[in-house]
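This is what each chain is made of:
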Amino acid sequence: MTVYFIGAGPGAADLITVRGLRLIERCPVCLYAGSLVPEEIVKAAPEGARVMDTAPMHLDAIIAEMEAAHAAGQDVARVHSGDPAIYGAIAEQMRRLDDLGIDYEVVPGVPAFAGAAARLSTELTLPEIAQTVIITRTGMKASSMPEGEQLEILGQSKATLAIHLSIRNLDYVRRALEPYYGDDCPVVIAYRATWPDELFIRTTLAGMKDEVRKHKITRTALILVGKVFGDVAFRDSDLYNADYSHVLRNVGKKKKASA
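Parameters at a glance
Residues numbered from 1 in each chain as written. Predicted model: local features only at pLDDT ≥ 70, side-chain atom pairs only at ≥ 80, totals over all residues. Heavy atoms only, no water. Buried < 20%, exposed > 50% of the residue type's maximum accessible area, 1.4 Å probe, protein only. Helix = DSSP H or I, 4+ residues; strand = E, 2+ residues; numbered from the N terminus. Arc of directions from axis to C-beta. Contact = heavy atoms within 4.5 Å. Pairing = 2+ DSSP bridges. Axes fitted to C-alpha atoms, helices over the stretch in contact; angles between N-to-C directions. Domains from an automatic or database assignment. Buried area = accessible area lost by both parts, 1.4 Å probe. Disulfide = S-S within 2.5 Å. Phe/Tyr/Trp six-rings, centres within 6.5 Å; stacked < 30°, edge-to-face > 60°.

Peer 1: How would you explain helix α7 (residues 170–181) if you had to name every residue and give the values?
Peer 2: Every buried residue belonging to α7 is among Leu170, Tyr172, Val173, Ala176, Leu177 and Tyr181, and all of these are buried. Burial along α7 is one-sided: seen end-on, the buried residues are contained in an arc of 155°. Opposite the buried face of α7, by more than 90 degrees, sit the exposed residues Arg175 and Pro179. On its buried face, α7 is in contact with α6 (151–154), β7 (160–164), α8 (208–214) and β10 (221–225). In the segment just after α7, Gly182 is the residue with positive phi, at about 85°.

Structure representation (structure tokens):
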């Protein structure tokens, strides 16, 4: 018996991996985060499967379901949104399973920031503009940030930022980043990216709070900050430069013309 922690992707039902979907289709127990996982995905569970929305459940109750499945010799599809390695709260579940001697495996998924970038047709790393992506959040009531990971420190990099779980903390986001990015820095508020009701707001650090208030967004939104989201001039990458040699393309050697 194995518990499979499965990343369901950012929202669109067809963005789950083939491996993840096949596991859901065969596992007799399916525990899913109902507030963030599309119902269409868990409908793939086999007929007669025990399918439970864990959104209203606490950790002990979730682990109890896994223990019961273990006693019955039944595999469990534990379905999380996005990629379970990013703000997935799976580490505490795996720690409990280690103590219980229950096997588990993690199946990656498309993270929210990647889904948003795809819908925006935006590359997050542009030559000489940004070559670093920082995935972070801000400290709120439920959880503070570890020392050294505050936006005031991360912002000094001027990297592309994907700020999770912070849509109600926009005053702080602006205050922390303005010295390094400027009030006119491009910002995209990605609300439920890849879902049918997705919304993308293109704004700036200075204007983002008013825009979010206007659209009444209070949750399930990602704050994307950086020059890559604006109309920026950048040079072509050397990857496909005809004059650039690499291990798979040696421009110094010319193919002989066929006879």
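Peer 1: Give a description of the sheet that holds β7 that names residues and reports values.
Peer 2: Read from one edge to the other, the open sheet built from five strands follows the order β6-β7-β10-β8-β9, with strand pairing classed as mixed. On the outer flanks of this sheet lie β6 (133–137) and β9 (199–204), each paired with one strand and no other. Within the sheet, the average angular offset between the axes of one strand and its neighbour, ignoring direction, is 20°. By the bridge criterion, six bridges tie strand β8 (residues 186–191) to β9 in an arrangement that is antiparallel.

Peer 1: Give me the sheet that holds strand β5 (residues 103–107): which residues, what numbers.
Peer 2: The strand order across the open sheet formed by five strands is β3-β2-β4-β1-β5, and the pairing between neighbours is parallel. Two strands in the sheet have a free side with no partner beyond their single neighbour: β3 (50–53) and β5. Going from strand to strand, the sheet's axes swing by 15° on average, the running direction of each strand aside. In the packing of helix α1 (residues 18–26) onto the sheet, contacts are made with β1 (2–7), β4 (76–80) and β5, and the angle to β1 comes to roughly 135°.

Peer 1: Talk me through the domain arrangement of the chain; I want residue IDs and the actual numbers.
Peer 2: Here the chain is partitioned into domain 1 (3–107) and domain 2 (112–229). Centre-to-centre, using C-alpha coordinates, domain 1 lies 28 Å away from domain 2. Domain 1 puts ten residues into the contact, and the matching count from domain 2 is 13 residues. Carbon and sulfur atoms supply 68% of the area buried between domain 1 and domain 2, which totals about 830 Å² over both sides.

Peer 1: A description of the state of the cysteines should follow, citing residues and the corresponding values.
Peer 2: For the structure on display, the rule yields zero disulfides. Cysteine Cys27 remains unbridged, with the sulfur of Cys30 as its closest cysteine sulfur at 7.9 Å. Classification of Cys27 by relative accessible area gives buried; the value is 0%. The class of Cys30 is buried, set by a relative accessible area of 1%.

Peer 1: Explain the environment of Gly230 to me, using residue names and the numbers behind them.
Peer 2: Along the chain, Gly230 falls in the segment after β10. Take Gly230: its relative accessible area is 29%, and that puts it in the partly exposed class. The spacing of Gly230 and Thr122 is 108 residues in sequence and 9.7 Å in space, taken between C-alpha atoms.

Peer 1: Can you tell me about the packing of aromatic side chains, naming the residues and giving the values?
Peer 2: Counting across every chain of the model gives one aromatic pair. For the pair Phe5 and Tyr104, a centre-to-centre distance of 6.1 Å together with 80° between the ring planes defines the contact as edge-to-face. Residue Phe5 is located in strand β1, and its partner Tyr104 is located in strand β5; the two are separated by 99 residues in the primary sequence. What makes Phe5 buried here is its relative accessible area of 0%.

Peer 1: An account of unusual backbone geometry is needed here, citing residue identities and associated values.
Peer 2: The phi dihedral of Leu165 falls on the positive side, at around 50°, and the residue is not glycine. Relative to the helices and strands, Leu165 resides in the loop between β7 and α7. By relative accessible area, which is 49% here, Leu165 ends up partly exposed. A positive phi angle, near 50°, is found at Arg192, a position not held by glycine. Residue position: Arg192 is located in the loop between β8 and β9. The class for Arg192 is buried, based on a relative accessible area of 17%.

Peer 1: Break down the pairing of β4 for me, citing the residues and quoting the values.
Peer 2: Strand residues, when the strand is regular, have side chains that alternate between the two faces of the sheet. Of all the five residues making up β4, five are buried; the element is thus mostly covered by neighbouring parts of the structure. Of the two faces of β4, the one lined by Val76, Arg78 and His80 and the one lined by Ala77 and Val79 are each fully buried. Pairing of β1 with β4, which is carried by five bridges, proceeds in the parallel orientation. By the bridge assignment for β4, Tyr4 is matched with Ala77. Sheet analysis places strand β2 (residues 29–32) next to β4, joined by four bridges and oriented parallel.

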